[in-house]
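# Structural characterization, general
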Amino acid sequence: QAAQTWRFELAPMASREPQSVASAMRRCFSIAVAAIASGALVQADTEPAETLYVSGADTAVSVTDGTYMLDKTEVHNKKLCYKKEGTALWLCYDDHNLWSFQPQGFLGTSQGIMVSTQKTSESPVGAGPWRVWKDGAWSVTSAVVRDSPAEPAAQAWTPLLPVDEEASRIIAGMLLGFMALTFLIMVLAGSTDEQVRAYFYKMFSACFTFLIALLFAFAVWELLIYQILPAPRPRGFGLAVPIHPELKIVLSFLLFSLSNFLLNFIGWKVQFRRARLMVIKTLGAHVTAIFGILTFLHIQRHAVFESAMFIQGTILSPEQIRGVTAFLIVAVAWITFAVYRWASKGARKEMFGKPPVRPWGAPLRPLRDERPAERSCMSFGSGALGALAGPRGPEFPDWGILVDEAEDEGAIVVMGFLTSQAIMFCRTGEMPVLRGHFTHADDDRAIPFFAGTLTALIALFAVILYVRSLRGGGGRSGKICQRATAMSLAWMLYRAIVWNTRAAFKENAPLALVIGALAITMMFCIIIVVLDKCLDYLLNRSNSPFKNLSARMESDTPLSEKAMRAVNSCFGLIMALGWWRNMEVSVQTVVASQSFLASHEVMSQCLLCTLLAVALVFPWRRVILPKSEMKSPSFAEEINFELIRLTDADNFMP
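### Quick word on the overall build of the protein
Tallying secondary structure elements over the protein gives 16 helices and nine strands in all. By the burial criterion, 43% of the 654 residues in the protein qualify as buried. In the protein, of all internal contacts separated by at least 6 residues, the share reaching a separation of at least 24 is 65%. Just so you have it, the protein exposes about 35,600 Å², and 64% of that area is on carbon and sulfur atoms.

### Looking at the side chain of Asp408
Considering the arrangement of structural elements, one finds Asp408 in helix 9 (residues 399–428). For Asp408, a relative accessible area of 8% corresponds to the buried category. Within the local environment of Asp408, its side chain forms a polar contact with the side chain of Arg341, the two groups lying 2.8 Å apart.

### So, the pairing of strand 8 (residues 137–140)
The sheet contact formed by strand 7 (residues 130–134) and strand 8 spans four bridges and is antiparallel. Looking at strand 8, one finds that Lys134 is bridged to Ala137. Between strand 7 and strand 8, which follow one another and run antiparallel, lie two residues, and Asp135 among them has a positive phi close to 55°.

### As for the sheet that holds strand 4 (residues 89–93)
Spatially, nine strands are ordered 8-7-6-5-4-3-2-1-9 in an open sheet, and the strand pairing comes out antiparallel. In this open sheet, the two strands that pair with only one neighbour each are strand 8 and strand 9 (144–146). Each strand of the sheet is rotated relative to its neighbour by a mean of 35°, with strand direction disregarded.

### So, the packing of aromatic side chains
Scanning the model with the defined rule gives 26 aromatic pairs in all. Both rings, one in Phe524 and one in Phe571, keep their centres 4.2 Å apart while their planes meet at 10°; by these two values the pair is stacked. Linking Phe524 in helix 12 (residues 509–538) with Phe571 in helix 13 (residues 559–593), this pair joins segments that are 47 residues apart in sequence. In this pair, the class of Phe524 matches that of Phe571, namely buried. These aromatic residues form a ring-pair network of at least three members: Phe261, Phe265, Trp268, Phe352, Trp360 and Trp399. Note that Lys79 overlies the ring of Tyr93, its terminal NZ or CZ placed 5.6 Å from the centroid. Here the basic side chain of Arg131 rests over the ring of Trp138, its NZ or CZ set 4.3 Å away from the ring centre.

### So, the pattern of salt bridges
Oppositely charged side chains can form a pair if their charged atoms are brought close together. One pass over the structure, following the stated rule, counts 11 salt bridges. We note a salt bridge from Arg581 to Glu584, for which the minimum N-O separation is 3.4 Å. Placement of the pair is Arg581 and Glu584 together in helix 13, with a separation of three residues, close to one helical turn. Exposure remark for Arg581: the relative accessible area of 14% places this residue in the buried category.

### Details of the side chain of Asn582
By the element assignment, Asn582 lies in helix 13. The exposure class assigned to Asn582 is buried, which follows from its relative accessible area of 12%. In terms of polar contacts, Asn582 uses its side chain to reach the backbone carbonyl oxygen of Gly578, at 2.9 Å. Setting aside anything within four residues of it in sequence, one finds Asn582 in contact with Leu513, Val514 and Ala517.

### Observations concerning unusual backbone geometry
Despite not being glycine, Asn97 has its phi angle at roughly 60°, a positive value. Relative to the elements of secondary structure, Asn97 occurs in the loop between strand 4 and strand 5 (99–103).

### Some details on the environment of Leu89
With respect to the secondary-structure elements, Leu89 resides in strand 4. Residue Leu89 is classed as buried on the basis of its relative accessible area of 6%. When the C-alpha atoms of Leu89 and Tyr68 are compared, they prove to be 9.0 Å apart, with 21 residues separating the residues in sequence. Beyond its immediate chain neighbours, meaning those up to four positions away, Leu89 contacts Val63, Thr64, Tyr68, Tyr82, Lys83, Lys84, Phe101, Gln102, Pro103 and Ile113.

### Remarks on a nonpolar patch on the surface
Taken together, the side chains of Phe237, Leu239, Leu247, Val250 and Leu254 present a nonpolar region at the surface, about 430 Å² in accessible area. Its place among the elements puts Leu247 in helix 5 (residues 245–269). Judged by its relative accessible area of 32%, Leu247 falls in the partly exposed class.

### Some remarks on the packing of helix 9 against helix 11 (residues 475–504)
Orientation of helix 9 relative to helix 11, taken along the N-to-C sense of each, is 45°, at an axis distance of 8 Å. Between helix 9 and helix 11, the angle falls in the class oblique. When the axes of helix 9 and helix 11 are compared, the crossing they make is right-handed. Of the residues that constitute the contact of helix 9 with helix 11, the class distribution is 12 nonpolar, six polar and seven charged.

### Structural notes on the environment of Pro626
The topology assignment puts Pro626 in helix 15 (residues 601–628). A C-alpha to C-alpha distance of 9.4 Å links Pro626 and Met278, two positions 348 residues apart in sequence.

### What about the packing of helix 9 against helix 10 (residues 446–470)?
Relative to each other, helix 9 and helix 10 sit at 145°, their axes nearing to 12 Å. Handedness of the crossing formed by helix 9 with helix 10: right-handed. Where helix 9 abuts helix 10, its residues Ile423, Met424 and Arg427 lie against Phe449, Phe450 and Thr453. The residue makeup of the contact of helix 9 with helix 10, split by class, is four nonpolar, one polar and one charged.

### Examining the confidence of the model for the protein
Of all residues in the protein, 76% have pLDDT values of 70 or greater, and the mean over the chain is 76. Taken element by element, the predicted model of the protein shows its lowest mean pLDDT in helix 1 (residues 2–13) (34) and its highest in helix 5 (90). A low-confidence stretch, residues 33–45 (pLDDT under 50), is modelled with four contacts involving residues beyond four sequence positions or located in other chains. Predicted confidence is poor over residues 152–163, with pLDDT under 50, and the contacts of this stretch with residues over four places away or in other chains come to two contacts.

### Remarks on the pairing of strand 5
Most of strand 5 sits out of view: four of its five residues are buried. Pairing between strand 4 and strand 5: five bridges, direction antiparallel. Residue Tyr93 lies in a different strand from strand 5, and its bridge partner there is Trp99. Linking strand 4 back to strand 5 in an antiparallel pair, the connection comprises five residues, with Asn97 at a positive phi of about 60°.

### Re the environment of Ser62
With respect to the helices and strands, the residue Ser62 is situated in the loop between strand 1 (51–55) and strand 2 (66–76). For the pair Ser62 and Ala143, spaced 81 residues apart in the sequence, the C-alpha separation amounts to 9.0 Å.

Definitions and cut-offs
The residue count restarts for each chain, going from 1 along the sequence in the order it is written. Reporting in this predicted model follows two pLDDT cut-offs: at least 70 for local features of residues, and 80 or more for side-chain atom pairs to be given and counted; totals over whole chains, interfaces and linings ignore these cut-offs and use all residues. In computing side-chain properties, one takes all heavy atoms of the structure into account and sets aside hydrogens as well as water. By definition, any uninterrupted DSSP run of H or I lasting at least four residues is a helix, any uninterrupted run of E lasting at least two residues is a strand, and each is numbered from the N terminus. Buried residues are those whose accessible area, probed at 1.4 Å on protein chains only, stays under 20% of the maximum for their type, while exposed residues exceed 50% and partly exposed ones sit between those limits. We call two residues contacting when some pair of their heavy atoms lies within 4.5 Å. In short, Shrake-Rupley with a 1.4 Å probe defines the accessible areas, and a residue's cover is counted only from the protein chains shown. In protein, a polar contact requires one atom able to donate a hydrogen and another able to accept it; more generally it is a pair of N or O atoms within 3.5 Å, and residues adjacent in sequence count only if both atoms are side-chain atoms. When DSSP finds at least two bridges between two strands, those strands are taken to pair. Inter-axis angles, ranging from 0 to 180 degrees, are taken between N-to-C directions of lines fitted to C-alpha atoms, where helices are fitted over the stretch in contact. For Phe, Tyr and Trp, where Trp contributes only its six-membered ring, two rings pair if their centres lie within 6.5 Å, and the inter-plane angle classes them as stacked under 30 degrees, edge-to-face over 60, or tilted in between. Think of it as a cone above the ring: NZ of Lys or CZ of Arg counts as a charge over the ring if it is within 6 Å of the ring centre and within 35 degrees of the ring normal. The salt bridge definition used is simple: a Lys or Arg side-chain nitrogen within 4 Å of an Asp or Glu carboxyl oxygen. Patch definition: residues above 30% relative accessible area lacking any salt bridge, with like charges linked at up to 9 Å and the nonpolar side chains Val, Leu, Ile, Met, Phe, Trp and Tyr linked at up to 5 Å. To sort the angles, those under 35 degrees are grouped as roughly parallel, those over 145 as roughly antiparallel, those from 65 to 115 as roughly perpendicular, and the leftovers as oblique. Should the near helix be turned anticlockwise from the far one by less than a right angle, the crossing is termed left-handed; should it be turned clockwise, right-handed. When residues are grouped by polarity, Ala, Val, Leu, Ile, Met, Phe, Trp, Tyr, Cys and Pro land in nonpolar, Asp, Glu, Lys and Arg in charged, and all others, Gly among them, in polar. For every residue, the predictor assigns a confidence score, pLDDT, that lies between 0 and 100.

Okay, structure coming up:
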């Protein structure tokens, strides 16, 4: 560099005109200063840096990231080497005139973890870009070698979210889906059709209760299975991991039995408060149903995959024996629920025959018939209050009847789930847990299978409804058969949607969960509107050929309305299942992203799920539950009141 400067500077001077002695001396002095400065810079560049900083290496060679100190005792190929602090990794000049990251024992050789691309470089700082040998070829990495620390991250602009295509697709899908879902919910909640509004609140009440029950029940289950039972003493029982399936059956059956007992005990303690009894009827029923699903799912899996193989010498093939066994467990579950109901009735006569001395909630005074002269738009109205407070008068509701309905609700949910599991097993040979999904080995034949199964269940539901209309309702057995069929239909519809969404988004499981939940919610909301319009036409009380379907049972609610509400409840339960899977993934992501929570993974997930369940109880209990118990006339009164207030607002002049 100095030689070039001298040539560049001296060549023009020979051709110039003679100048004064003073100017010539000043010119020579400037040239001398430039030469000295250039020599100093060259000498400074030849001295190696004392410290090097490596960052940005790929995951496979991330061990090379760190700080390297110059070691003047280690020389290879006439170059000093650098050693990484606290390790035996070196940055040396190999025998191919390349800078290379080499472990102890390979210094100066051609073997290295990451190698430079620039040859005969005086310093590793200018030897990049760096490359690694991967899959039989050289691959360039993003590693950077500096002779000074990198600038702090706070000085550079960083996005709030990582620029990741997959994450962007998930976020965009969730935002668009939630916008559409919010619009649809607002339309249904503010519908001027009293029946559509009643169906909407019934479906969302079932969705909230089942979602709360899922969060709470699985928090208890995972705390027992993954923390208390396998943890060493004194923090647990120190059992082997994983927990044996037989022990899971015993534990889930104990939780199922305890939940059945608590239905009667808590119902007895709150028998003077109808609002609390309605919580037992809905939320208590779904908690019992989830523990029942856990119990009979483990029994069904054990019976199908282990016990059925001992049945030999029959005319059926092993696959047919397993299919029959799967359906037999449905009958076993029904018998178990029947025995528990018989036992609970006996317990209510012997143990809970008298009112409690200290009830949970003192009896309320009967509501007066007078209605307030003015109500705000935010009030529930007399219909909502009356729905939870019961009939006007000193009589209190029969808590035993509500507990019976809760037990029937639990039995219906369990039998619908087990029936769908048995149907799917006969088709796929698989029986996953509640969180699991079936494989997609034969997607081409899945759509005809789901279409045929759903058509058969819809036809069976219509037949049962028609038979009940001919027999005046069919009693409790007819009600359970119809609702169990509706629940099986809802479970199969859920399986079909999840199957197809997972098949469409095989490479992105979180996005498949979000799309599946949104698709389930929107589809069910649209279905209840379509069904309402169909019922408005088919169940005309005048000359409709289907007027027998409006036969009435012991109450003044038409049978068609009871069937429609059963369908709405089933839809709400399946919606809750879809959103529960997304909430679990969110909780797991939050726990994994925090070091303290990740060090106590099971406890953290159980605690967060419990807090979410408690947070959902209050809006459901205060807003959705009263509305879900209102009848269509009460909704009609509420809609008329809203329209009157809206008219007053239109006529308001400031």
